[in-house]
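# Examination of the molecular architecture
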Amino acid sequence: MTAPHVSLTDPTHPSFLPPPDPVRSPVTGWTRAHWEAMADQLLDGLLPYASRNLAQYRLPGRPGHAGSWSDGLEGYARSFLLAACRIAGSGGRVPPGLIERYAAGLTAGTDPEGAERWPPIADRAQPMVEAASIAIALHETRPWIWDRLDDAVRQRVAAWLGGFVGARANDSNWRLFQVVTEEFLASVGAPHSRAEIDSGLARLEDWYRGDGWYTDGDGRKFDYYNGWALHLYPILWARIAGPRADPALTEIHRARLRAFLGTHQYFFGSDGAPVHQGRSLTYRYATAAPLWAGALADATPLPPGRTRRLASGALKHFTEHGVPDERGLLSLGWYRPFLPVTQRYSGPASPYWASKAFLGLLLPAEHPVWTAPEEPGPVDTADACLALPAPGWLLHSTAADGIVRLVNHGSDRLPPPPAEAEDSPHYAKFAYSTATAPDTPADGPATGPDSHIALLTADGTAASSRGRIHPLGTESRRAASWHRAVLPGSGEGHRIETTSVVHGPWEVRVHRVEGPPGAVVREGGWALADGSGPLTGAAGPGWALARREADGLTSAVVALYGWEGPGADGLSPGAVAQVRGANAYGEYSATPCLRLSAHPGRPHLLVTLVVLGADPARPCDPEALRARAATRVTPEGAVVVRFPDGTEEEVPAGAGSG
């Protein structure tokens, strides 16, 4: 699973793409021509689903919560953004009919009496999202579309977009939809509210947490919206505003994006896969959008060849995994259709926010981001560990297998206290990676055993959730938090404090667990998935593992301290939970687990070694891991962890990592 290199006979290379270029792009083989071909393929795939007058794209699939009328607009707006990148990036030299196609859609969609009219922009309504894409696309294609529209059509478009003026947006990244839409109205002399634009930009300041990180609204809501929305729209707003933009404010936005990209580059595995965490993951390679935004705004610390390697790697990764599908469509899913990675608002055309990944086409073909030789990404060349205190995350990656792992002690996507909500498996887990996805069953408990510690009911059928994450600190190789575990049926909460310490492919979790006497405690490792059949599983006293035979990727958990049980050697036997139809990475999934059969009723220390890797030089053999890794507790209550390579780290007694 090391960094992919170009193969001229790659069977996953679609026939509509040009041949790889191993000279200019020695890692991915992809060039600007590949991006243009992919854009054309995605746009062509939509044509069979266009309405007669091209104002809506009515794709097959489950409707979003806003209904089919809004879904049709979504298909137009999000694909218009893709078309705009293609049109503007080529100076209008595009396949025949593309410009006319989207101009015709504007004419029909804004006709208030027409059969294909768009739903109006109203308070907190989905058309607000789509209006922003249309506004950005109109700005970028102005010489080819807006300036050539009949004046009456321009007035209708401005009137429809003007529904934003005075309307209330959701207090999240939606505030920026209002900012860019009304700034476009200002750019064409249409009615707008400068106060609403300024207010939306000011609200963004309230959510900034430092080091390039925003939370998406109040609370601790850290995910890819930081990159494909909260950083992206201010950059696009400045392009629309031009001289109207405050230079000091735009410089603040650029500096923050630069800081963010310094760490965002570590979120991509060597195979191009982004870390699988957060909501709206069906946007897939939209994770590349902030990379291009940094180049567009001259606000990136990355060499141009690395920017292209990371962005092309993400696009290529999904292409090699069957995206788009055989119909040429982006489905509601990750690789294959898989609804549990979507949300209620996700409609059949929602995945086309992936269009943001094509913003790089707005850069001219002679820009260094397209002409410089590809450079390896940071994950390709060396092991790395990054502490991200703002979101409460640790990133640790290994070059030998190209995997990036994210340890989560800070993002839960819950509203501020005292409000509570159910766990989301894309936020509540201790860990996420580029090689795995959490089990997300369509039916059943929201929190499965993978990357989770729980109190279980006596029959083992119901588990406590993680709920609100209370960060205790993130620094160096450690991060810590606590949560209140409520034993199902009892209503009684019990504090579980966890410190994660990482080194290479290994994570050691130090849990201080409160619970009622006799309660069962369960901890799970990573959920591995495969599409071809059940995974190999094995377990023994104090250990369990799951392995994917095709590439040797292994997930293992090993008891280091506190997992006493009825076995002959004093340890409870491990187990492997096999599930079908619950994982975005494949039909079959398996999670190695440990169990403590009876909590003593007083605060209890548990220490677990958790491993995800495919490096033959650092094998995941549980017996070898148990022989090399160890834990000892000092008289002061500190926990000294020894990793399998002999490296030691001390976790202080009491709360936190500091």
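Everything here concerns the structure above.
Residues numbered from 1 in each chain as written. Predicted model: local features only at pLDDT ≥ 70, side-chain atom pairs only at ≥ 80, totals over all residues. Heavy atoms only, no water.

### A look at the sheet that holds strand β20 (residues 630-633)
We count it as follows: Two strands pair if DSSP finds at least two bridges between them. For helices the rule is a DSSP run of H or I covering at least 4 residues; for strands it is a run of E covering at least 2, with both sets numbered from the N terminus onward. Inter-axis angles, ranging from 0 to 180 degrees, are taken between N-to-C directions of lines fitted to C-alpha atoms, where helices are fitted over the stretch in contact.
Here 3 strands make up an open sheet; going across it, the order is β20-β21-β22 and the pairing antiparallel. At either end of the open sheet lies a strand with only one pairing partner, and these are β20 and β22 (648-651). Looking at each pair of strands side by side, their axes are set apart by 20° on average, direction ignored. Pairing geometry for strand β21 (residues 639-642) and β22, over 4 bridges, is antiparallel. Residue pairing in the sheet places Val640 in a bridge with Glu650 of β22.

### Brief notes about the pairing of strand β5 (residues 403-408)
For the record, the criterion: Think of it in three bands: with a 1.4 Å probe and only protein chains considered, a residue is buried below 20% of the maximum accessible area for its type, exposed above 50%, and partly exposed in between.
Across the 6 residues of β5, 6 count as buried, placing the element largely inside the fold. Residues Ile403, Arg405 and Val407 point to one face of β5 and Val404, Leu406 and Asn408 to the other, with burial holding for every one of them. Turn length for the strand β4 (residues 393-398)-β5 hairpin, with the two strands adjacent in sequence and antiparallel, is 4 residues, and the turn residue Gly402 shows positive phi of about 70°.

### Digging into helix α3 (residues 98-109)
Cut-off, in case you're wondering: Expected span, for any helix, means 1.5 Å times one less than how many residues it has.
If you check α3, its first and last C-alpha atoms are 17 Å apart, about what 12 residues at 1.5 Å a residue would give, namely 16 Å. Residues Leu98, Ile99, Arg101, Tyr102, Ala103, Gly105, Leu106, Ala108 and Gly109 constitute the buried set of α3.

### Focus: unusual backbone geometry
A cis amide bond links Val323 to the next residue, Pro324, at an omega of 0°. Within the fold, Pro324 resides in the loop between α11 (304-320) and α12 (368-371). Residue Pro417 is joined to Pro418 through a cis peptide bond whose omega torsion reads 10°. Looking at where Pro418 falls in the secondary structure, it is placed in the loop between β5 and β6 (431-433).

### Focus: the side chain of Arg203
Put simply, the test is: By the criterion applied in these results, polar contacts are pairs of N or O atoms within 3.5 Å in which, for protein atoms, one can donate a hydrogen and the other can accept it, and in which residues neighboring in sequence qualify only through two side-chain atoms. By the convention used here, residues are in contact when the closest approach between their heavy atoms is within 4.5 Å.
Here Arg203 is to be found in helix α7 (residues 194-206). Engagement of the side chain of Arg203 in a polar contact is seen with the side chain of Asp171, the distance being 2.7 Å. A polar contact is formed between the side chain of Arg203 and the side chain of Asp218, at a distance of 3.2 Å. In this structure Arg203 touches Asp171, Arg175 and Asp218, once residues within four positions along its chain are discounted.

### Some points on the sheet that holds strand β16 (residues 554-561)
Strand pairing within a sheet occurs via backbone hydrogen bonds; the two strands may be parallel or antiparallel. Overall, antiparallel pairing links the 8 strands, which are arranged β8-β9-β10-β11-β19-β16-β15-β14 in an open sheet. Strands with a single pairing partner mark the edges of an open sheet, and in this sheet they are β8 (470-475) and β14 (536-540). Across this sheet, the average inter-strand angle for adjacent strands is 15°, counted without regard to direction. Bridging between β14 and strand β15 (residues 543-547) involves 5 bridges; their strand directions are antiparallel. Residue pairing across strands places Thr536 opposite Arg547, the latter belonging to β15.

### Things to note about the state of the cysteines
The condition that has to hold: We call a pair of cysteine sulfur atoms a disulfide whenever their separation is within 2.5 Å.
For the structure on display, the rule yields 0 disulfides. Its sulfur unpaired, Cys385 is 18 Å from the next cysteine sulfur, which belongs to Cys620. Cys385 sits in the partly exposed class, given a relative accessible area of 24%.

### Focus on the side chain of His511
With respect to the helices and strands, His511 occurs in strand β11 (residues 506-513). Given a relative accessible area of 0%, His511 falls into the buried group. A distance of 2.9 Å separates the side chain of His511 from the side chain of Glu523, its partner in a polar contact. Here His511 is in contact with Phe430, Ile453, Glu497, Thr498, Glu523, His604, Leu605, Leu606 and Thr608, once residues within four sequence places are set aside.

### Topic: the environment of Ala255
Relative to the helices and strands, Ala255 is located in helix α9 (residues 247-264). Since its relative accessible area comes to 37%, Ala255 is described here as partly exposed. Between the C-alpha atom of Ala255 and that of Asp211, which follows or precedes it by 44 residues, the distance is 9.7 Å.

### Notes on the pairing of strand β3 (residues 384-388)
Where burial is concerned, the two faces of β3 differ: the one with Ala384, Leu386 and Leu388 is buried and the one with Cys385 and Ala387 is not. Where β3 meets β4, 5 bridges bridge the pair, whose relative direction is antiparallel. When the bridges of β4 are listed, Leu386 appears paired with Leu395. Hairpin connection of β3 to β4: 4 residues between the antiparallel strands, including Gly392 at a positive phi of 80°.

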